[in-house]
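# Commentary on secondary and tertiary structure
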Amino acid sequence: MPAKVSVPDSLATLLQRFRSCFSAPGYEVFTAMFTGFVLRPVERTVCGMLTGAGLAGVWHHSRAHRFFANTRWDVREVGLILAALVVDLLLGPDDPILLAVDETLTRRRGRKVFAASWWHDGSAAGATKIGYGNSWVILAIVVTLPFCRRPIALPILFALCVKGGRSKPDLGRDLLDTIAETFPDRTIHLVGDAAYGAGHFA
């Protein structure tokens, strides 16, 4: 019999909100990866998450890798459920939703890495701010928590940039529109850098 993931009751109740996004086997791996992500804050790799969940050596690591590579689930559906949780639990009923949009580079190499290319990388060392990998447009909800001294941004949706494809402002606008359609009765504010200040974005 395969090992079961031990998840605290409060976390299990929270994760149950995402149950409709996955098949039964996929949901089991999802809960394991999420638990391992929380309990393994340093090594947030697939194998690191397995270790955090107490499943290293119990599950073969390919089971976790297949979840990200082959399991059928809609990442946008997961993101919208996450957004609803953030709004319900961390914002007041009349608070506006403060969104932040930006892009980030995940450094990846290899001929089989889809959409990997040279992109702007603001965190790169030196005067040449470029790096090779996958560039993602990220949309986050900015919240203020009582135990944090500064506001924090919680990523909820993202879009992969492809060379020769749609522009980053276009991808960001799609993400913004998705949240606006999901929360039609909420006031929404958006912050971003100059790249998203283009007239066609507005």
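For the structure given in this document, a descriptive report is provided here. Here the structure is a predicted model, which is why all the values come from computation and not from measurement.

### A word on the overall build of the chain
Broken down by element type, the chain carries 6 helices and 5 strands. Along the chain, helices and strands appear, N-terminal first, in the series α-α-α-α-α-β-β-β-β-α-β. Taking 202 residues into account, the globule formula puts the C-alpha radius of gyration at 17 Å, and the chain, at 18 Å, falls close to it. Dimensions of the chain, computed from the C-alpha atoms along their principal axes, are close to 60 × 45 × 35 Å. Burial analysis of the chain (202 residues in total) assigns 37% to the buried set. In the chain, the share of contacts with a sequence separation of at least 24, taken over all contacts with a separation of at least 6, comes to 61%. Carbon together with sulfur atoms contributes 57% to the accessible area of the chain, which is approximately 12,300 Å² in total.

### A closer look at helix α2 (residues 24-39)
The end-to-end C-alpha distance of α2 is 23 Å, a good match for the 22 Å that 16 residues give at a rise of 1.5 Å each. Turning to α2, its buried residues number three or more, namely Gly26, Tyr27, Glu28, Val29, Phe30, Thr31, Ala32, Met33, Thr35 and Gly36. On its buried face, α2 sits against α1 (9-15), α3 (46-52) and α4 (61-69). One side-chain oxygen of the residue at the start of α2 lies 3.2 Å from the amide nitrogen of glycine 26, identifying that residue as serine 23.

### Some thoughts on the packing of helix α5 (residues 75-90) against helix α6 (residues 168-182)
Taken N-terminus to C-terminus, the directions of α5 and α6 make an angle of 55°; their axes are 11 Å apart at the nearest point. Considering their axes alone, α5 and α6 lie oblique with respect to each other. As α5 runs across α6, the sense of the crossing is right-handed. Within the contact between the two elements, α5 uses Arg76, Leu80 and Ala83 and α6 uses Leu175, Thr178, Ile179 and Thr182. Residue composition of the contact of α5 with α6, by class: 4 nonpolar, 2 polar and 1 charged.

### Quick look at unusual backbone geometry
Comment: phi is negative for the bulk of residues other than glycine, and the bulk of peptide bonds are trans. The residue alanine 115 is not glycine, and still its phi comes out positive at about 65°. On the basis of relative accessibility, which here comes to 15%, the residue alanine 115 falls in the buried class.

### A closer look at the environment of phenylalanine 18
Take phenylalanine 18: it is sitting in the loop between α1 and α2. Overall, phenylalanine 18 belongs to the buried group, its relative accessible area being 5%. With residues near it in sequence (within four places) discarded, phenylalanine 18 still touches Tyr27, Phe30, Val78, Ile81, Leu82 and Leu85.

The rules behind each value
- Residues numbered from 1 in each chain as written.
- Predicted model: local features only at pLDDT ≥ 70, side-chain atom pairs only at ≥ 80, totals over all residues.
- Heavy atoms only, no water.
- Helix = DSSP H or I, 4+ residues; strand = E, 2+ residues; numbered from the N terminus.
- Rg over C-alpha atoms; globule rule 2.2 N^0.38 Å.
- Buried < 20%, exposed > 50% of the residue type's maximum accessible area, 1.4 Å probe, protein only.
- Contact = heavy atoms within 4.5 Å.
- Areas by Shrake-Rupley, 256 points an atom, 1.4 Å probe, with all protein chains shown as cover.
- Expected span 1.5 Å × (residues − 1).
- Polar contact = N/O pair within 3.5 Å; in protein donor to acceptor, adjacent residues only side chain to side chain.
- Axes fitted to C-alpha atoms, helices over the stretch in contact; angles between N-to-C directions.
- Parallel < 35°, antiparallel > 145°, perpendicular 65-115°, else oblique.
- Left-handed = near helix turned anticlockwise from the far one by under 90°.
- Nonpolar A, V, L, I, M, F, W, Y, C, P; charged D, E, K, R; others polar.

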